[in-house]
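# Structure at a glance
Here is how the chains run, residue by residue.
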Amino acid sequence: MGRVRFYLTRNSLVLGLVFFAMLLAAINYDNNLVYLILFWLVALVIVSMVYSHRNLKAVEIKPGAIWPVFAGSELRFGLQVHNQSPQPLCALVVRAQLNGEEVAEVIDEIGPGDTEQILLVAEAPQRGLYRIGGVRVDSEFPLGVFGTSRESTLAQPYIVYPEPRGESPFPDIIYDARDQQSGQQSGGDDFDGVRAYRPGEPQRHIDWKAVARGLPLMVKQFTGGGSGRLWFPWQALDGLDMEARLSQLTYWIIQADEQNLEYGLILPDRRFEPGRGTEHRHELLRALAVYRQPSP
Amino acid sequence: MSPSRLDPHAAITGPQLYRLLGCYAASVLLHLSNVSWWLLLAVILLAYWRLQIKRAKTVLPSLFTRALLAGFLFLGVLIDMGTVAGRDSGTMLMVGLVAIKFLELRSKRDYLVISFVLYFLTLVSLLFDQSIVVFGLVMLICGLITANLLAYHTGESAGVWLPRRRLLRLTSWMLIQALPLALVLFVFFPRVQGKFGFNLGISKTGLSADLQPGDVSALIFDDEMAFRVEFPPDSDRPPPQSMYFRAFVLWDVDASKNRWTQGRTIDEDNEVVGGRMLAQTVTLPATGERWLFALDYPLDSPPIEPTWVGEIKSGHCLRSPRPLNRKVQYNVVSRVGGRLRPVAGELPSYVRLEALEINNRRVISARVKRFAQRMKERGETPEGIVREILAYFRTGGFRYTSLPGTYSRDMLSEFLFVRKQGYCEHYATAMATLLRLAGVPCRLVVGYQGAEYNPYGDFYVVRQANAHVWVEAFVPEKGWVRYDPTSMVSPARIAVGPEQVRREINQTFTVEVAGQPIALYNRNWVPEWMDVTLNEADLRWQQVEQAWDQWVLSYNPESQRELLGQAGMSRRLRYLTFFLVAVIMAGLTLALVWWLMRRKTKAVSAELKRWEEFNRLLGDAGAPRRRWEGPLAYAQRAASILPGAAEPIHDFTEAYVRVRYAEGSPEAARADIQRLDRSLQRLRGLLKESASPTAV
C-alpha cells in the first residue's frame, strides 16, 4: 500500500468560504469570541487530519476471489479489505480500474481486525489477459472536509474468455473405444442432478424454479448416454474471421463440458489432448482467451 | 481540486435527516430573540414539510417552488426590516435559506453544505450577545454539528437516531485536542481593531438619542445591565446615590412637541476644578452610539493611560471616536465633586444663545409664561430662580410616578398645574423650560444615576432602570451646576434607587393595572426569604459575568502587542510571526495527537505485537509467512517446515486466533495473552536449540 495522500474537495472550498465569512465577522465586530470559535473549528479540521490518516493507514487490501468470465458478461472481482488497527475504519470507498472502467464500492465501517469482502462488478467487453489496474481507497472520514486516498500496489491478473457464440454444429465425434454402446452425443435430456452455479456460465440451465423457492443458484446437469471424444479444430472453421472462430470454439467447449464429453482442441500453433473436467476446460478457454494470430 | 469522491449521490437516511434538523433547531433556538415570529413560523412549517416528504417518500419540491419560497423570504425580510443587508436581516435570511435548503437536501453534498452553514449560523449569535451563556451554547451546538458530521461518516450511525457513545467520545476527544491550537491561534492572530467597523446592526437598548417625556420612565422596569463600573481597590468612592454618570447633553427644545434633542455640536472650552480624582473602568455593551459614560465630571486628559480612548465633546461628555458596535471596556478619570466652568469664566455668547433658545416658543401657554415670569421676579438671581422652581416642586403636591398617564399637547401647563405627576424627565424638562423662559441658561443632561454594589466582585452594576435626566444651569461665578428636580419630589429615587420607586409605584397603582402587580414589580410574589437568596444568586452571577467580560474584552490590539512583545513590530512582521507560530503549532498538534493515538493503539493490540514477533521468529527460522496466508494455514505450513517446533506453533496460533477473532471475556483474553507469551518463549528456546548444532 502506498502513502496516504490528502486532497481538497468541493466541500473544502465551501468550508473555506464559511471560515472566511467568520473571519470577516470577527474582524468587523472585533469580537474575540467569534475569533475563538473560528480558530477552534480551524484547529478541529487540522486535528481531524490525523484521524483521516489513521483511518487509511490501517487499511490492507488483499485479493479475493476472481472468476473468469466470458466477454460480454459481467466481471466480478472480489477484494478483501482488512482493518489492521484496533479502531473501526469508517467511510471507505474502494475503487479499481477494470477494463479501463472505474468501479467503486462503498464500505461504511469495518470493525477492529475485521475483513470486509467486497465485490467489484464491471463489464468485460474484450477477451484477453488483464491486470487490475490501481486499486485505490478513498475516504472523507471524519468530517468530510477533505479527501484522503491511498493506492494499493495490488496487481491481480484476471482473464476474460471469448464470448461463446456460434451457429456451427459440433464436428464429428470420435467415439471412445471403451464406450461403444452409446451413439448419442447430444442426448442431453437425462436429468443428472444439480450443482452450484459458477459465475460466467450460461444461464440456460439454471434451475429457476429452485431460485423462485429461495434456493441458491443451481444448475441442472444433463447427461447424454455415452461419452465420446470430440476434437475442435481451428481449421474446421475456415469461413470465419479470427474472433468468430474463437467464439465458436468457446461455445463448443462449453457445450461439450456441459454434456460431460471428452474434448480436445487444435489451434494453429498448439494442440490440446482430449480431456474433461473444470481444469481442462479452463486450460482450453484460457488458450483461446490469449490466442494471437501466429506471425507468418 | 477534484470533486468529492465519496459517493456524492448516496441518499440521506431518515435518522441522518432528523439529526441535521435537530442541529438546525438548536441553532435557531439560539436566535429566538433575533428573528421575527413570522419567520419562525415559516421555518417550522418548512421543516415539517421536509419531514413529511421523508415520511411519505414523496418528491422534493421543484426548483421553481424553492425559488418562489426564497423570493417570499427576501420580500418578507425586506418588509419587516426595511433592508436585506446587515446583521439582523442577514441572520433572518440565513435562517430562512437554510430551511429552504433542507427542501433540496438529497445528497451528501447538500448535507455537508448545510452543516457548514449551520456552524456559521450558530456563530452569528455571538454578534448579538457575548454573554457566557450564549458562548457556552455556541460551543455546545458546534460540538453537536461536529458529532453529526462524524456520525454521517461512520456507517453504523446511518440508521440510528442518536450517535453511539463511542462517537460522542470521539467527538469530544477531537474537540479537546483542537483546543490548544485554537488558543494559540487566538493569541497570535494579529488584531486590527475596527479594521472595517461596518455597523451591520447592533441591538439598541437603553437611552434614546432624543428625549420626550415617557422615554426614560419606559426603562424603569428594564433590569438589563447598562454598564458596569469598577474603581481602583481601596479608592474613596462616592455613595451610589450621588453617582451621576453623564452620557450626553440635550441643548435644543421644541416646545410644540415638548421634545428635547442634542442639536448641533457646540464647542465649549470648559475646565473642571476642585473635587478629587477618581479612576473608573467601565464595561459597556454595544449601544451603536458614540457616547461613553463617566462620573461627573470626566477629565479630558486623564493622568493614567487609557486602554480605550474617548474625547470630551459637546456638553463636556465623553464621546467615542466610533460607534460602539461591540462591548468595550475603557478607563476614564473624573473629578468627583468638582465644578465645571468655562475657561474664560463667562459663558460665551453663542453658548448662551444656545442655552436659552426655545423653538416654537409661541405654543407655550400664557399661564406657563406667566409662571416663569413670577419665578424670575421672586428668585431674582439664577440661583434664586432655581430655588423657587425646586421649592414649587417640593411643596406643590407633586407625585413621582412612572405611570403619569397620557398628557395632552400642552403638557407643560397640565403637568405643572393640574396633574402634577411624572417621572424624572417630566420634572427635568419642565424645569429646564421654565429656566429658559426665565432667562437662565440651562441644558438637560441624560445619563444614569445610582448603582448597585456587588460586594463579591467589588464593582458596581448600573441598570437601564437607573436611566436619569437632570438639569444643568449656568450660574455666574460657579459655572454649570447640576440640579436634580427629581430629588425634590422623590428623595427615595435618588437615595435608594429605582427599586424603591417600583415598590412605591406598585402600592400606588395596583388598581390601575387590574390586579396584576407582577407586571409592575416582577419580584412581588417572591417570599421574603427567597428574595434574599435570589439577590445573593444575582450578585454571584454578576460576578461571573464580570470575570467573563474581563477575560473576553481585555484582549485587544494593545494587550496583544504587550503580551507578545510586538510593540515595535510592523504589521507585516506580526503577520509573519502569526504564520510561523501557526504552522509550528499545527505541526506540533498533529504530532501530539498522532503520538497519543499510537500509544493507544499499542496498548490495545497486545496480541498483534506478539503475532508480529511470532512471524519474525518463524521467518528467521526459514518459514516466512506469505502475505495472503491466514494464521491457521500459516501454522500448518510452518509446522511442516519446522516439525521440531510444531507444538508451540500450534499452541500459539490457537490462542492467537481465539484472542483476535473470538468473542470472550477480558479475563480469558488476558489468560490467552499469557499463553501467547509462554508459547513464544518455548518457540524461541526450541528454535535456538535447533539452530545451534548447525552453527557448530
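A few points on the structure.

### With respect to the nonpolar core
Counting residues in hydrophobic clusters, the biggest one holds 105 residues, and the most contacted among them are M22(A), I37(A), Y24(B), F102(B), L118(B), Y119(B) and L126(B). Ranked by residue count, the leading element in this core is helix α2 (residues 32–57) of chain A, at 16 residues. The contact partners of I37(A), leaving out residues within four places of it in the chain, are L123(B), L126(B), F135(B), V138(B), M139(B) and C142(B). Counting 75 residues, the second-largest nonpolar core is a separate cluster that includes L211(B), W260(B), M375(B) and Y460(B).

### Some remarks on the interface of chain B and chain A
Contacts between chain B and chain A engage 72 residues on the former and 61 residues on the latter. Counting each side, the surface lost to burial between chain B and chain A is near 6400 Å², with a carbon and sulfur contribution of 73%. Our count for the contact surface shared by chain B and chain A stands at 1 salt bridge. A salt bridge links E140(A) to K108(B); the shortest N-O distance between them is 3.3 Å. Scanning the region where chain B abuts chain A turns up 5 residue pairs in polar contact (both at pLDDT 80 or more). Elements supplying a minimum of two residues to the side of chain B that touches chain A: α5 (108–128), α6 (132–152), α7 (165–188), α17 (528–553), α19 (571–604) and α22 (646–661) of chain B. Among the elements that make up the side of chain B that touches chain A, the one with the highest residue count is α7(B) (13 residues). Tallied by class, residues from the side of chain B that touches chain A come to 45 nonpolar, 15 polar and 12 charged.

### Quick look at the packing of aromatic side chains
Residue and element names in this part refer to chain B. Scanning all chains against the criterion turns up 39 aromatic pairs over all chains. When the ring centre of F128 is taken as origin, the NZ or CZ atom of R87, which lies over that ring, is 3.8 Å away. Here the guanidinium or amino end of R228 rests over the ring plane of F459, the centre of that ring lying 5.6 Å away.

### Regarding the side chain of R127(A)
All names here are of chain A. Locating R127 in the fold gives a position in the loop between β7 (115–123) and β8 (128–131). Among the polar contacts made by the side chain of R127, one reaches the main-chain carbonyl oxygen of L288 at a distance of 3.1 Å. Engagement of the side chain of R127 in a polar contact is seen with the backbone oxygen of Y291, the distance being 3.0 Å. When residues no more than four places from it in sequence are discounted, the contact partners of R127 are A71, V160, Y161, P162, M242, E243, L246, L288, A289, V290 and Y291.

### With respect to unusual backbone geometry
Cis rather than trans, the peptide bond between F141(A) and P142(A) has omega equal to 0°. Locating P142(A) in the fold gives a position in the loop between β9 (133–139) and β10 (146–152). Note that the residue after D296(B), namely Y297(B), is joined by a cis bond; omega there is -10°. The phi dihedral of A91(A) falls on the positive side, at around 50°, and the residue is not glycine. Examined against the element boundaries, A91(A) turns out to sit in strand β5 (residues 89–98). Phi at N260(A) takes a positive value of approximately 60°, unusual for a residue other than glycine. By the element assignment, N260(A) lies in the loop between α4 (242–258) and β16 (262–266).

### Observations concerning the sheet that holds strand β7 (residues 291–292) of chain B
Residues and elements named next belong to chain B. Spatial strand order, β7-β10-β9: 3 strands in an open sheet with antiparallel pairing. Edge positions in the sheet fall to β7 and β9 (311–313), since each has one partner strand and no second. Where β7 lies against strand β10 (residues 317–319), 2 bridges are found, and the strand directions are antiparallel. From the neighbouring strand, L292 faces β10, where its bridge partner is L318.

### Some thoughts on the sheet that holds β8(A)
Backbone-to-backbone hydrogen bonds pair the strands of a sheet. The strands run either parallel or antiparallel. Residue and element names in this part refer to chain A. Across the sheet, 3 strands lie side by side as β3-β11-β8; this open sheet has mixed pairing. Unpaired on one side and paired on the other, β3 (69–70) and β8 mark the two borders of the sheet. In terms of strand pairing, β3 meets strand β11 (residues 157–161) through 2 bridges, oriented parallel. Its bridge partner lying in β11, V69 is registered against V160. Across the sheet, helix α5 (residues 278–289) touches β3, β8 and β11, and the angle it forms with β11 is around 85°.

### Topic: the pattern of salt bridges
Residue and element names in this part refer to chain A. Tallying each qualifying case throughout the model produces 35 salt bridges over all chains. With a shortest N-O distance of 3.5 Å, E102 and R95 are connected by a salt bridge. Put simply, D257 and R281 hold a salt bridge, and the shortest N to O gap is 3.5 Å. One end of the pair, D257, is in helix α4; the other, R281, is in helix α5, and 24 residues separate them in sequence.

### Describing the pairing of strand β11 (residues 328–336) of chain B
Residue and element names in this part refer to chain B. β11 sits mainly inside the fold: 8 of its 9 residues count as buried. As defined by bridge partners, strand β6 (residues 276–284) adjoins β11 across 9 bridges and the pair is classed as antiparallel. Bridge pairing in β11 links A279 to V333.

### A look at empty space enclosed by the protein
By the definition in use, this model includes 4 cavities of 30 Å³ or more. There is about 50 Å³ of room inside the largest cavity. Forming the boundary of the largest cavity are L15(A), F19(A), L41(A), L44(A), V45(A), L143(A), V145(A), F116(B), Y119(B) and L149(B). At the level of elements, α1 (10–29) and α2 of chain A together with α5 of chain B are the ones that each hand at least two residues to the lining of the largest cavity.

### As for the pairing of strand β15 (residues 442–449) of chain B
Residues and elements named next belong to chain B. Burial runs high along β15: 8 of the 8 residues are buried. As paired strands, strand β2 (residues 244–250) and β15 are joined by 6 bridges and run antiparallel to one another. Counted as the bridge partner of F248 is V446 from β15. The pairing of β15 with strand β18 (residues 467–475) spans 7 bridges and is antiparallel. Looking across to β18, one finds that C442 is bridged to A473.

Here is what the cut-offs are and how they apply
Residues numbered from 1 in each chain as written. Chains lettered and ligands numbered in written order. Predicted model: local features only at pLDDT ≥ 70, side-chain atom pairs only at ≥ 80, totals over all residues. Heavy atoms only, no water. Core = buried A, V, L, I, M, F, W, Y, C linked by side-chain atoms within 4.5 Å. Buried < 20%, exposed > 50% of the residue type's maximum accessible area, 1.4 Å probe, protein only. Helix = DSSP H or I, 4+ residues; strand = E, 2+ residues; numbered from the N terminus. Contact = heavy atoms within 4.5 Å. Buried area = accessible area lost by both parts, 1.4 Å probe. Salt bridge = Lys/Arg side-chain N within 4 Å of Asp/Glu carboxyl O. Polar contact = N/O pair within 3.5 Å; in protein donor to acceptor, adjacent residues only side chain to side chain. Nonpolar A, V, L, I, M, F, W, Y, C, P; charged D, E, K, R; others polar. Phe/Tyr/Trp six-rings, centres within 6.5 Å; stacked < 30°, edge-to-face > 60°. Lys NZ or Arg CZ within 6 Å of the ring centre and 35° of its normal. Pairing = 2+ DSSP bridges. Axes fitted to C-alpha atoms, helices over the stretch in contact; angles between N-to-C directions. 1 Å grid on protein atoms, 1.4 Å probe; cavity = no way out; pocket = protein on both sides within 12 Å on 5 of 7 lines; lining within 4 Å. Points joined across faces, edges and corners; volume = space filled by probe spheres on them.

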